[in-house]
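Coordinate inspection notes
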Amino acid sequence: MAVHGKSEMLLGYSTLFLLLLAGARACGWVTVNSSTVLLGSTVMASCTIQSNRCQSLEDEEIQITWRLDSQAVPGSQHKNVDGADVSNLTIPHFNRTRAKLWCYVVWNSTPQRVGMAEIRAGYPPSKPDNLTCMMNLTDNSLTCCWDPGLDGHLPTKVVLMSSRSRGQCEVSQEAPQNCTPQAGQNYCTISRKFLQLYQKMDIWVSVQNALGTAESEHLCIDPTDVAKLDPPVLKSVQSVPFQTNCVSVAWEVAHTSSHIEQQCELRYWTPGDPGWTLVPDIVSPNLKTQHCGFLFGAEYHFQMRCRRVTGMGYWSEWSQRWNFTTHEKAPVGKLDIWWKTTPVDSGKRAEVQLLWKAPKRNETNGRILGYWVSLNPRRRNGALTAICNTTDMQCNFSVPAGVRRVYLSAYNSAGESATTEVLFLEQKGQPLARIHASPCDEHSLWVQWEAPKAAATGYIVEWHQTSLPGPAGRSVSWQLQRNRSATKALLRENIEPFQRYNISVYPLYADTVGLPLHTAAYSKEKAPSCAPKLHLMSVSKSHAELHWDPIPVAMQNGFITNYTIFWASTGRDELRAVVNSSFTAFTIRGLVPLTMYKVHIMASTAAGSTNSTTLSLVTPALNETETQYLLLSLGLLCVLLIVFIVCFLKNRRVKNQFWPSVPDPANSSLGKWVPADLQQETLPTASAREPGLVTISDITVLEKAAEKKAPLWGKTDSLPAAAGPFPALPKSYILPSSSGLPSGSTALGEARPGSYVNGAGTVQYAKVVADGYRGQQQQQHVPSPLYIRSDSTQPLLSEPSPSPKPYENMWFHGAPQAGLGSHSSQEDGDFLEEPLIDFPLLQGLKIGGTEGLQDFQRF
């Protein structure tokens, strides 16, 4: 594209060059109705082409086009009477201040420039306004300036015209002198040689462009009437007379204007004033003046300026500043005071914080050097005993509990003020009905209240910033409203934006102080500096409990209106909940188990909101209670499994714990033991006995070891001791089975009790006891058990039961014989009569030593 454009440009230039060589001036030309027109008016133009005078165009059809700068515009084309091609163009609204109109001839499909006309558009010149002139006495030149008015968008010629004249400038004495300003300047200076002093001169401004001419109003002045004097010089400022509020000022005029009678102005300013104070119309031949109303002991800045006394002309510049401090005087007036008392030492003394305001500017009368507080007022020519002497605006001291007043005074280098009596009143009066605070601007607050029903004499307004740490946070600002009808106060001291202020208002009464009413306010709010940090207290499969700490007051930047909690899981819409600013906890409900949620909180004030960081949480599959039950169940299952495994591995030991093995008396070593006196007897052999039967050969009864020192084997007083290593054994019955008799038995035909026969599956045994079991207490008239029997494979029984079968006792089949032995006497009958009669197994036994069995009774 760029290469193609360059080639077209080169082609056009080459064609134009050929046309110029052939006499392009005679080939074509452009004419317009006016080269300078009014902006927005109609422009008409024509382009004429003489084809017979243009090389390479004699035999070709002529096509004419137009362009206004780079914009193509249509025109009409025809041939005139001379055979030339003419194109006419009409632009109805020419809205360009400057443009070039080009005429083109199309040759070889390429437009070639053959003529151009430049057109400018604008407005006639505006009339200059505010023509003023000022004469500088330093170089005696006259400088005039004016307001040029609207821009005409056309080249303009501006000339400052001046001429000497007579009277009120009706007749000019000479041709006007021209002063042409530099381009872009709206002032021009006429030198001294063209000025006529103390006579009138006619001065005006002429402006001309292609569309017209304009002139300003004519100014007829004497150059000295518009002179600007040089500033005066202050010589001295002093207080006169002493101990008054008046000062005297002396000055000198500039040497360039010493021959001119002048009128001056004096101004002064002291720090704390909103602006300068002006003393006008000072006309003094001796160049001195006096003025009163100044403050004592205040620093002032003085300046002066002058002009011609006629009131014509300009004020001079202000003189150099002169600084002066008025003399001091003892302070006057009463001080605004406020106090706070706190009982100490069990009410015997009181700690007092006394606060006061500095005297007003018109009462200080100088620089305050300090304040003193005393328990008694100063007597004339008497010494002062001060309990406090300070340059601060407060004093802390301790007084006895009975002290109800102190005295306060301010002093400077000239003396001290009258004492202000401070009366300590109790705070028990009626409080305000209502209080409200609102911002006035960034550094002030309005406090409004509703007056109490009781008549108040004034009000104390306290405020302090709550976010300041340490002693600064306890510093209190206050002000006194003396107007008893006041219902509002403007607080300007120590008020900053984005800080919370606690405000208290105390009504003052004649003999007491009212209880305070409190409120809080911000002069300006914004979004909190930070948001609370969320803490996850607990989470279950359906809800999560959140907690957050309140934002510190210093970072709230306003009153927190609410908190908004947002939570969302992946792929689900974000949910929110708005809670009151007093809440510090929230429970999210309706959560889905085993889901991750992202939670954050937003803190809002009336001016904006701030979001916290994001907290991620995952809901469990089970609740805490369900988890506890599941763990408990798993624990019990594990215990049961361990017990089962132990029981499986320790089967014999566990079985013995629940079913202990009972010894088999028949197979014990005692069952096979035979006393010495019976060893000679021949017992039937096992082969001779009935299979499966066990013969009870003998029973030995042992008495209690606790009652007898040695075990007795029978009745020792009737039986002699047996020789040998064993104790003497009682006489026992040996009950052989029916299969045979032992050696040394009774004669044939003597009846003997038969032996018991036990089956092969069980072994019958009996245990005879003489006392209760271990651990049982022997009660009076309660018999001890006589015996307990059981199978060898079963636990012992606590009550008697039918004798087990099978058994065989031949003793019951035959009548007892009288000659059973030396002991078949009355003893035997007695033994069988009572308890043993119910136990067939023992009926066939002869038990010696039955004297110790008198306690055996029937169950």
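Notes on the structure in this doc start here. (Residues numbered from 1 in each chain as written. Predicted model: local features only at pLDDT ≥ 70, side-chain atom pairs only at ≥ 80, totals over all residues. Heavy atoms only, no water.)

For the rest of this paragraph, the subject is the sheet that holds strand β8 (residues 98-107). Across the sheet, five strands lie side by side as β2-β9-β8-β4-β5; this open sheet has mixed pairing. A strand with exactly one partner marks an edge of an open sheet, and here the two such strands are β2 (36-38) and β5 (71-73). On average, each strand axis in the sheet is inclined to that of its neighbour by 35°, with strand direction left out of account. Relative to strand β9 (residues 110-122), β2 runs parallel, the two sharing three bridges. Paired with threonine 36 across the bridge in β9 is arginine 120. (Pairing = 2+ DSSP bridges. Helix = DSSP H or I, 4+ residues; strand = E, 2+ residues; numbered from the N terminus. Axes fitted to C-alpha atoms, helices over the stretch in contact; angles between N-to-C directions.)

According to the stated counting rule, one finds 15 aromatic pairs in the structure shown. Relative to tyrosine 300, the ring of phenylalanine 294 lies with its centre 5.0 Å away and its plane at 85°, an arrangement referred to as edge-to-face. Just as phenylalanine 294 is buried, tyrosine 300 falls in that class too. Taking 6.0 Å as the distance between ring centres and 55° as the angle between the ring planes, the aromatic pair formed by tryptophan 339 and phenylalanine 424 counts as tilted. Placement of tryptophan 339 in strand β27 (residues 337-344) and of phenylalanine 424 in the loop between β34 (420-423) and β35 (427-429) is noted, with a sequence separation of 85 residues between them. For the residue pair tryptophan 339 and phenylalanine 424, the accessibility class agrees, reading buried in each case. An aromatic cluster of at least three residues, connected via ring pairs, comprises Tyr268, Phe294, Tyr300 and Phe302. (Phe/Tyr/Trp six-rings, centres within 6.5 Å; stacked < 30°, edge-to-face > 60°. Buried < 20%, exposed > 50% of the residue type's maximum accessible area, 1.4 Å probe, protein only.)

Among the surface-exposed residues, Leu622, Leu630, Leu631, Leu634 and Leu637 lie close enough to one another that they form a single nonpolar patch of about 460 Å² accessible area. Tracing the chain through its elements places leucine 634 in helix α6 (residues 624-649). Looking at leucine 634, the relative accessible area reads 43%, which means it is partly exposed. (Patch = residues over 30% accessible without salt bridge, like charges linked within 9 Å, V, L, I, M, F, W, Y side chains within 5 Å. Areas by Shrake-Rupley, 256 points an atom, 1.4 Å probe, with all protein chains shown as cover. Salt bridge = Lys/Arg side-chain N within 4 Å of Asp/Glu carboxyl O.)

Another point: unusual backbone geometry. A positive phi angle, close to 60°, is found at aspartate 69, a residue other than glycine. The exposure class of aspartate 69 is partly exposed, given its relative accessible area of 32%. Even without glycine at this site, phenylalanine 498 takes up a positive phi of about 65°.

Side-chain pairs of opposite charge can arise whenever the charged atoms involved come near each other. Under the definition given, this model contains 16 salt bridges. Of the charged contacts in the structure, one is a salt bridge between lysine 235 and glutamate 252, with a shortest N-O distance of 3.8 Å. Taken as a pair, lysine 235 in strand β20 (residues 233-239) and glutamate 252 in strand β21 (residues 246-252) lie far apart in primary sequence, 17 residues in all. With a closest N to O distance of 3.6 Å, glutamate 426 and lysine 428 form a salt bridge. On the basis of relative accessibility, which here comes to 59%, the residue lysine 428 falls in the exposed class.

Next up on the list: the sheet that holds strand β19 (residues 227-228). Taken together, four strands build an open sheet; the order of strands is β15-β11-β10-β19 and the sheet is mixed. In this open sheet, the two strands that pair with only one neighbour each are β15 (187-190) and β19. Of the strand pairs in this sheet, strand β10 (residues 129-136) and strand β11 (residues 141-147) are connected by six bridges, and their pairing is antiparallel. Paired with aspartate 129 across the strands is aspartate 147, a residue of β11.

Turning to the state of the cysteines, a few remarks are in order. In a disulfide, the sulfur atoms of two cysteines are covalently bonded to one another. On inspection of all chains with the given rule, the structure shows six disulfides. Through a disulfide, cysteine 388 is tied to cysteine 395; the S-S separation comes to 1.9 Å. Its S-S torsion of approximately 130° makes the covalent link between cysteine 388 and cysteine 395 right-handed. Of the two residues, cysteine 388 and cysteine 395, neither departs from the other in class, the shared state being buried. The thiol of cysteine 145 is unpaired, and the distance to the nearest cysteine sulfur, on cysteine 133, comes to 7.5 Å. Taking the relative accessible area as the measure of exposure, cysteine 145 reaches 35% and is therefore partly exposed. (Disulfide = S-S within 2.5 Å.)

This paragraph deals with the nonpolar core. Ranked by internal contacts, the top residues of the largest apolar core, which has 27 residues, are Trp338 and Phe397. Every element with two or more residues in this core is listed here: β27, β28 (349-356), β29 (370-374), β31 (394-400), β32 (405-412), β39 (477-481) and β41 (500-508). A total of five residues in this core trace back to one element, the largest contributor, which is β28. Other than its neighbours up to four places away in sequence, phenylalanine 397 contacts Ala350, Glu351, Val352, Leu354, Val373, Ile387, Val406 and Phe424. Within the second largest apolar cluster, 24 residues are counted, among which are Ile49, Ile91, Cys103 and Ala117. (Core = buried A, V, L, I, M, F, W, Y, C linked by side-chain atoms within 4.5 Å. Contact = heavy atoms within 4.5 Å.)

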